[in-house]
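Topology and contacts: notes
Each chain is listed here by its residues.
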Amino acid sequence: MPFILHLLQVSEEDLYAQGIQAKELARIYNDYTSRQQELEDVGLLVANALKTHAAVHTVRYRVKEPLHLLKKIIRKRKEYPDRHLTADNYLMYINDLVGVRLLHLYKSTCHEIGNFIMQNWELKRSPFAYVTDKNAEEARQFNAQKYKVIANDRGYRAQHYILHVKPSRQPYYVEVQVKTLFEEGWSEIDHCIRYPDRQSNELLNRLLFILNRLTSDADAVATQIQAFATMLQEQKGSVAELQARIDKLPVDAQEKQHLYACLARHLKQ
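Here the structure is a predicted model, which is why all the values come from computation and not from measurement.

**Here we look at the confidence of the model for the chain**
It should be kept in mind that the predicted coordinates are not to be read in detail where pLDDT is low. Scored by pLDDT, the chain has a mean of 90; 97% of the residues are at 70 or more. Confidence, expressed as mean pLDDT per element, reaches its minimum in the chain at helix H1 (residues 2–8) with 79 and its maximum at strand S2 (residues 98–104) with 98.

**Concerning the layout of surface pockets**
Space inside the second largest pocket adds up to approximately 540 Å³. Together, 21 residues line the second largest pocket, and Lys-107, Ser-108, Glu-138, Ala-220 and Thr-223 are the ones closest to its centre. Those elements that place two or more of their residues in the lining of the second largest pocket are helix H7 (110–120), helix H8 (137–144) and helix H10 (202–234). Here the residues of the lining of the second largest pocket are counted per class, giving six nonpolar, seven polar and eight charged.

**Let's talk about the packing of aromatic side chains**
The geometry of an aromatic ring pair is captured by the separation of the ring centres together with the interplanar angle, meaning the angle of the planes. Under the criterion given, the structure shown has six aromatic pairs. With 6.4 Å between their ring centres and 80 degrees between their planes, Phe-116 and Trp-121 make a pair best called edge-to-face. Of the two residues, Phe-116 and Trp-121, both sit in the buried class. Arranged with centres 5.4 Å apart and planes meeting at 70 degrees, the rings of Tyr-130 and Tyr-156 form a pair that is edge-to-face. Of this pair, Tyr-130 sits in strand S4 (residues 128–131) while Tyr-156 is found in the loop between strand S5 (148–151) and strand S6 (158–165), placing the two residues 26 residues apart along the sequence. Chaining the aromatic ring pairs together yields one cluster made of Phe-128, Tyr-130 and Tyr-156. Sitting over the ring of Tyr-80, Arg-83 keeps its end group 4.1 Å from the ring centre. Above the face of the Tyr-173 ring, Lys-124 is positioned so that its terminal group lies 4.3 Å from the ring centre.

**What about the pairing of S5?**
Pairing geometry for S4 and S5, over four bridges, is parallel. Bridge pairing links Val-131 to Ala-151 in S5. Between S4 and its parallel partner S5, the chain crosses via H8, and the hand of that crossover is right-handed.

**So, a positive patch on the surface**
A surface patch of like charges, here positive, comprises Arg-83, Lys-124, Arg-125, Lys-134 and Lys-148. Structurally, Lys-148 is set in strand S5.

**Thoughts on the pattern of salt bridges**
One side chain can pair with another of opposite charge once the charged atoms of both are near each other. Considering all chains together, one arrives at 16 salt bridges under this definition. The closest approach of N and O atoms between Glu-79 and Lys-76, which form a salt bridge, is 3.1 Å. Residue Glu-79 and its partner Lys-76 are both found in helix H5 (residues 66–79); the two are separated by three residues, about one turn of the helix. Residue Glu-79 is classed as partly exposed on the basis of its relative accessible area of 47%. A relative accessible area of 28% places Lys-76 in the partly exposed class.

**Quick notes on the packing of helix H3 (residues 22–33) against H5**
Close contact between H3 and H5 brings their axes to 10 Å; oriented N to C, the two are set at 140 degrees. Comparing their axes, H5 and H3 come out oblique. Judged by the sense of rotation from one axis to the other, the crossing of H3 with H5 is right-handed. Of the residues in H5, those touching H3 at Leu-25, Ile-28, Tyr-29, Tyr-32 and Thr-33 are Pro-66, Leu-67, Leu-69, Leu-70, Ile-73 and Ile-74. A class-by-class count of the residues in the contact of H3 with H5 yields ten nonpolar, one polar and no charged.

What counts and what doesn't
Residues numbered from 1 in each chain as written. Predicted model: local features only at pLDDT ≥ 70, side-chain atom pairs only at ≥ 80, totals over all residues. Heavy atoms only, no water. pLDDT = per-residue confidence, 0-100. Helix = DSSP H or I, 4+ residues; strand = E, 2+ residues; numbered from the N terminus. 1 Å grid on protein atoms, 1.4 Å probe; cavity = no way out; pocket = protein on both sides within 12 Å on 5 of 7 lines; lining within 4 Å. Points joined across faces, edges and corners; volume = space filled by probe spheres on them. Nonpolar A, V, L, I, M, F, W, Y, C, P; charged D, E, K, R; others polar. Phe/Tyr/Trp six-rings, centres within 6.5 Å; stacked < 30°, edge-to-face > 60°. Buried < 20%, exposed > 50% of the residue type's maximum accessible area, 1.4 Å probe, protein only. Lys NZ or Arg CZ within 6 Å of the ring centre and 35° of its normal. Pairing = 2+ DSSP bridges. Right-handed = clockwise from strand over helix to strand, strands pointing away. Patch = residues over 30% accessible without salt bridge, like charges linked within 9 Å, V, L, I, M, F, W, Y side chains within 5 Å. Areas by Shrake-Rupley, 256 points an atom, 1.4 Å probe, with all protein chains shown as cover. Salt bridge = Lys/Arg side-chain N within 4 Å of Asp/Glu carboxyl O. Lys, Arg positive; Asp, Glu negative; His and termini not counted. Charge placed at Lys NZ, Arg CZ, Asp CG, Glu CD. Axes fitted to C-alpha atoms, helices over the stretch in contact; angles between N-to-C directions. Parallel < 35°, antiparallel > 145°, perpendicular 65-115°, else oblique. Left-handed = near helix turned anticlockwise from the far one by under 90°. Contact = heavy atoms within 4.5 Å.

What follows is the structure, given as structure tokens:
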């Protein structure tokens, strides 16, 4: 126990003041470390299953470090003062002992990936959809599919699912985050910049906001590229429909005129 308290940089008295028993943290630590290999197997099992979907680009997973688990329990105590976690019940409350990150190329495929997840796993709760604007069409689509839609003021965009996985007699919860490659790129940069000291800086916040807007535009363009490629390959869709897709692109008028000209030349061939 003294070793764990040293690593956590807290005293037994500090924990007691928060209503946490140091001995119970030690029990949780010992129980959790004994499950590390089983949790690795669970992560690999879920990741391999998700990779079978055609729209999935990359899947990564990680198992939470034991000390990170204890830090989360201490941190969440303030948020849920009536919740007493013990070695006997912490597995039922901590949703991200195994975290899986699924990346895909085109924003439009997030719904079919979500349907795949919900068809193949039991969920602990309704999935969450983090959006930038609750009034946008994207948010309305998630609402229609019974997602809990959350507007994130930092610009974070993703879908989160808590899977109920039971590889043996012991059930576990696995958190799956679904993002596009562009959303993941912004999220990683945002995390690296904000996380170390968690201090707000107006200049950095503004630059991260600009980057977020650019990645959102990039997702919109990527989705239209996919649609154009399919339509042109199969030679389906009217000229008006193709032009309407160009109109939706987040580019200036001059670039749109250039795209109209490219489309016209293609149709003459």
